[in-house]
Amino acid sequence: MYQADLLKGKTAFIAGGTSGINLSIAKGLASYGASVTVLGRDVSKAQAAADEVAANGSGKSAAETADVRDPDQVLKALQNARENFGKIDILISGAAGNFPAPALGISPKGFKTVVDIDLLGTYNVFHCGFEHLNQGASLIAITAPQAVVPMPYQAHVCAAKAGINMLIKCLALEWGPAGLRVNGISPGPIEETEGYERLAPNEQAKQQMVKQIPSRRAGTGNDIADAAIYLGSSLSSYVNGTILTVDGGTELGDASADCLSIPARK
Ligand code: NAP
Ligand code: COA
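Because the structure is predicted, anything quoted here is derived from the model rather than measured. (Residues numbered from 1 in each chain as written. Chains lettered and ligands numbered in written order. Predicted model: local features only at pLDDT ≥ 70, side-chain atom pairs only at ≥ 80, totals over all residues. Heavy atoms only, no water.)

A. Structural view of the overall build of the protein chain. Secondary structure summary: the protein chain contains eight helices and seven strands in total. On C-alpha atoms alone, the protein chain measures out to a radius of gyration of 18 Å, which is about the 18 Å that the 2.2 N^0.38 rule sets for 266 residues. Expressed along its principal axes, the backbone C-alpha trace of the protein chain runs to roughly 55 × 50 × 40 Å. A burial count over the protein chain gives 49% of its 266 residues as buried. Taking contacts inside the protein chain between residues at least 6 apart in sequence as the whole, the part at least 24 apart equals 74%. Working note: accessible area of the protein chain is about 13,000 Å², and carbon and sulfur atoms make up 54% of it. (Helix = DSSP H or I, 4+ residues; strand = E, 2+ residues; numbered from the N terminus. Rg over C-alpha atoms; globule rule 2.2 N^0.38 Å. Buried < 20%, exposed > 50% of the residue type's maximum accessible area, 1.4 Å probe, protein only. Contact = heavy atoms within 4.5 Å. Areas by Shrake-Rupley, 256 points an atom, 1.4 Å probe, with all protein chains shown as cover.)

Below, the structure is given as structure tokens:
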């Protein structure tokens, strides 16, 4: 049943919500009535995203800038968001960095950069966010198949996202008794995003990637927004500490073998 006001009166804060998957989530939450703050590093990109979010919903929107690696900046942005719209009901950590490189081609600084944005950034957003949360708030971290599937050229991302998965479960365990829920969403390859472009930079690579996905298509931003609406709302009020995989079966393995070409049903 479609409930247009499912999130009416709720407030959301989305770190990394200024482009790609997280912007789709921001627009999805807004379309169900939430007031949404999006955060990124770039001021004009963040403002453009907030305008796009406002055009998609009945609630308000705002832009904040911070580097998630800096807890002082993150705290300030959260304080501003609370002053604007009140305590936060849905807190999402989705900022990330990725570049494909062999382990020997990643410098210690390069490895640290990705771990700092993804893992430390998620810790900063959730740790700084704690005091600004409403009773019953839902926290959602955006993780990735790399957390559980080792991939070449992704050692830094695999390590960072695996850390996020464990952080989700530890915080769910510790903060559940405080009336909070902490979950994750693990998207598969999502078309028209920076992350997808970086891992599949040309048409041939995209076709190869899609061929390996059991559902035989890349995901869309809306696929992930729907998962965030579920985890962010009362629809999932007894779901805590889980990672919701939304990847067309990507995590299960490579489905490109010819023997998997099933004849069409009559
Ligand atoms: P994207 O468009 O590049 O979005 C990244 C967001 O994070 C932007 O809003 C960016 O804004 C912000 N950001 C980056 N570094 C930051 C920092 N240090 N401090 C604050 N904000 C920062 O990425 P995407 O491809 O949509 O991916 C979004 C999320 O989904 C990520 O967590 C990614 O790991 C996950 N994911 C993506 C895919 C995929 O196919 N794309 C698949 C699985 C998982 P600024 O540039 O302005 O800072
Ligand atoms: N191969 C190897 N190392 C690389 C690299 C590549 N393709 N790209 C960056 N690095 C290294 C840099 O060389 C540097 O280390 P060094 O000084 O020892 O050489 C380190 O990573 C930090 O790079 P820098 O550009 O200073 O970091 P930054 O904080 O400005 O940017 C990134 C962080 C590199 C992750 C950048 O790509 C980014 O901001 N990404 C956000 C968007 C994104 O990745 N979206 C996809 C999400 S899935």
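Picking up where we left off.
B. Representation of the site of ligand 2 within the structure. Residues in contact with ligand 2 amount to 16 residues; listed here are only the nearest, Arg41, Arg69, Asn98, Ser107 and Arg198. Between ligand 2 and arginine 41, the relevant distance is 3.0 Å, taken from an oxygen atom to a side-chain nitrogen or oxygen of the residue. In this structure, an oxygen atom belonging to ligand 2 sits 3.0 Å away from a side-chain N or O atom of arginine 69. Computed on the free molecule, ligand 2 has an accessible area of 940 Å², of which 58% lies beneath the protein chains in the complex. The set of elements that each furnish at least two residues to the shell around ligand 2 consists of helix H4 (108-129) and helix H6 (194-199). The greatest single-element share of the shell around ligand 2, amounting to four residues, is contributed by H4. (Near = heavy atom within 4 Å. Polar contact = N/O pair within 3.5 Å; in protein donor to acceptor, adjacent residues only side chain to side chain.)

C. Spotlight on helix H2 (residues 43-54). The first and last C-alpha atoms of H2 sit 17 Å apart over twelve residues, in line with the 16 Å expected at 1.5 Å per residue. Three or more residues of H2 are buried, namely Ala46, Ala49, Ala50 and Val53. Seen along its axis, H2 keeps its buried residues to an arc of 100°; they face one direction. Buried positions along H2 lie against helix H1 (20-31), strand S2 (35-40) and strand S3 (61-65). (Expected span 1.5 Å × (residues − 1). Arc of directions from axis to C-beta.)

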